[in-house]
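Structure assessment
Read off the chains here:
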Amino acid sequence: MPTTADLNVTEPGLYLQGIPHDRFADLRAADGLRWHPYEDGGFWAVTRYADVRAVSRNPEVYSSAIGHTNLWDLEADALEARRSLIDTDAPDHTRLRRLVAGAFTPKNIRRWTDTVRDITGELLDRFVAEGGGDWVDMVAAPLPIRVILTMLGVPVEDADYLVELSNYLVEGTGDTQSIPPDAFGNTTELRLLPFNSPASHALFEYGEQMKRLRREDPHDDLVTHLVQAEFGGERLSLSEYRNMFHLLVFAGNETTRTAISHGAMALAAHPDEWQRVQDNPSLVEPATEEILRWATPILHMRRTAATDTELAGTPIAAGDKVVMWYASANRDDAVFDEPFRFDVGRANPDHLAFGGGGPHLCLGAFLARLEVSVLLEEMAKRSLYLQQTSEPVRARSNFVHGVLSVGMQPAPPR
């Protein structure tokens, strides 16, 4: 039987070599749930597909608002300062989600298809013309940030700055940060900022600047919608607006960037699978889902038991932390046939890359799917095959399955 130390999956340094799949396999194989020690106590590690779905779809028992969705607990003032859409339960969650959900319906997301295709084509043409380079810098990072900034109404020329801030936010999910607490003019205690990062202060400041601009000069964009939206006669408070803007920029950028990075590595490592897509365009949709399952951009999310309950035969006390590990659930062989095989035609694509369902299903799921599928279509149109030219530099994070850089170049057609 593996020891508790052998099954530690929270050490950020582990993820510099990729997801510790062997440890997650041992956790899935254990009877019931395993208690995972952590710095302020510990949590129940939920690693099987069925159990993750059960937690996700029972928000009355497994709360997102109690104690926050981090692995660690926050003080009451920090919890309120940092609370965003993902850190709320009904009715607050219902109110906040309704304010923005309309922009992310499949119908409204399809309106952006031409924009996504134009951006994707421009980036791929440059990648090919320059003979390749850092796939993250050239394609994976600029594609989603330019799309979400266009939707928000933010100047696209600020994309590099906002990608820089996102990189610092990812650092905040690990155990080291490369910038001082007062970076970007920050004077706020880090514990009061999302990701404990001064980059959150910079993103708040940027969002407030956009809010002032759109109050004076409304546009047909998402920032104007956030400024003007009402629900029950109430508008977003300053804190709600700042945290919503922060969430949209980070989630609309970082998660799809991660999927595109891991997707490129998978296509380079499995050229026969990419050939299947080239030969059969109907495989673009299942290939998109397989890339999302394979990448699992967000590794985990926490809930807190609001009442005594039981899961997988394990008693859970009110107040216990319950952490859903999507990275493990998406490799559960009870659901996925040969889960460690990259298969663009996988028959069961019902992965948990966007969460396990329920009210917190990822708001940007349709947008992420559009961006990945258009990327595959445009690569196929150019008969673009990829060859990996360097090892990936991975994020030191147990939360984001991030890739900071990876070399790619066009490969000769097969």
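Notes on the structure in this doc start here.

The rules behind these values
- Residues numbered from 1 in each chain as written.
- Predicted model: local features only at pLDDT ≥ 70, side-chain atom pairs only at ≥ 80, totals over all residues.
- Heavy atoms only, no water.
- Helix = DSSP H or I, 4+ residues; strand = E, 2+ residues; numbered from the N terminus.
- Rg over C-alpha atoms; globule rule 2.2 N^0.38 Å.
- Areas by Shrake-Rupley, 256 points an atom, 1.4 Å probe, with all protein chains shown as cover.
- Lys, Arg positive; Asp, Glu negative; His and termini not counted.
- Charge placed at Lys NZ, Arg CZ, Asp CG, Glu CD.
- Pairing = 2+ DSSP bridges.
- Contact = heavy atoms within 4.5 Å.
- Axes fitted to C-alpha atoms, helices over the stretch in contact; angles between N-to-C directions.
- Core = buried A, V, L, I, M, F, W, Y, C linked by side-chain atoms within 4.5 Å.
- Buried < 20%, exposed > 50% of the residue type's maximum accessible area, 1.4 Å probe, protein only.
- Polar contact = N/O pair within 3.5 Å; in protein donor to acceptor, adjacent residues only side chain to side chain.
- Salt bridge = Lys/Arg side-chain N within 4 Å of Asp/Glu carboxyl O.
- Expected span 1.5 Å × (residues − 1).

Helices and strands together make up the secondary structure of the chain, namely 16 helices and 12 strands. Its C-alpha radius of gyration of 21 Å places the chain within 12% of the 22 Å reference for a compact globule of 414 residues. Surface exposure of the chain reaches about 16800 Å², of which carbon and sulfur atoms provide 50%. Here the chain contributes 39 positive and 60 negative side-chain charges, whose respective centroids are spaced 3 Å apart.

Quick look at the sheet that holds strand E4 (residues 133–134) now. In space, the 3 strands of this open sheet follow the order E4-E12-E9, with antiparallel pairing throughout. The strands lining the two open edges of the sheet, one partner per strand, are E4 and strand E9 (385–388). Taken together, the 2 bridges between E4 and strand E12 (residues 407–411) define a ladder with antiparallel strand orientation. Considered in E12, the bridge of Gly133 is made with Met408.

Here we take up the sheet that holds strand E1 (residues 34–38). Strands sit in the order E1-E2-E8-E5-E3 across an open sheet of 5 strands; the sheet is mixed. Edge positions in the sheet fall to E1 and strand E3 (62–63), since each of these pairs with one other strand and no more. With 3 bridges connecting them, strand E2 (residues 41–46) and strand E8 (residues 321–325) associate as parallel partners. Considered in E8, the bridge of Ala45 is made with Val323. Along the sheet face, helix H2 (residues 49–56) touches E2, E3, strand E5 (300–305) and E8 and points at about 125 degrees away from the line of E8.

In this structure, Trp135, Leu152, Phe245, Met379, Leu386 and Met408 are the most contacted members of the largest nonpolar core, which totals 106 residues. If one sorts the elements of this core by residue count, helix H12 (residues 238–269) sits on top with 13 residues. With residues up to four places along the chain from it excluded, the contact list for Met408 reads Phe127, Gly132, Gly133, Trp135, Ala264, Met265, Ala268, Leu386, Gln387, Gln388 and Thr389. Core analysis: the next-biggest nonpolar cluster, separate from the first, contains 14 residues, Val9, Leu71, Val323 and Ala327 among them.

If you trace the backbone, Thr255 turns up in helix H12. Within the structure, the side chain of Thr255 is placed 2.6 Å from the backbone oxygen of Ala251, a separation counted as a polar contact. Contacts of Thr255, omitting those with residues within four sequence positions, involve Phe250, Pro297 and Ile298.

Here we come to the side chain of Asn243. Inspection of the secondary structure assignment puts Asn243 in helix H12. One polar contact links the side chain of Asn243 to the main-chain carbonyl oxygen of Arg83, over a distance of 3.1 Å. Asn243 has contacts with Ala81, Arg82, Arg83, Ser84, Pro194 and Phe204, leaving out every residue within four places of it along the chain.

Throughout the structure, instances matching the rule amount to 28 salt bridges. As a salt-bridge pair, Arg396 and Glu11 come within 3.7 Å of each other at their nearest N and O atoms. Placement of Arg396 in the loop between strand E10 (393–394) and strand E11 (403–405) and of Glu11 in the segment before helix H1 (21–29) is noted, with a sequence separation of 385 residues between them. Look at Arg396 and you get partly exposed, because its relative accessible area is 32%. For Glu11, a relative accessible area of 31% corresponds to the partly exposed category. Arg341 serves as the salt-bridge partner of Asp343, at 3.2 Å between the closest nitrogen and oxygen.

Take helix H16 (residues 365–381) next. End to end, H16 covers 24 Å across 17 residues, agreeing with the expected 24 Å (1.5 Å per residue, within 8%). Burial of H16 is extensive: 12 of the 17 residues sit out of reach of the surface. Within the span of H16, buried status applies to Ala365, Leu367, Ala368, Leu370, Glu371, Val372, Ser373, Val374, Leu375, Leu376, Glu378 and Met379. Of the residues flanking the end of H16, it is Ser383, one or two places downstream, whose phi is positive at about 50 degrees.

Purely geometric stuff here, so don't read any function into it on its own.
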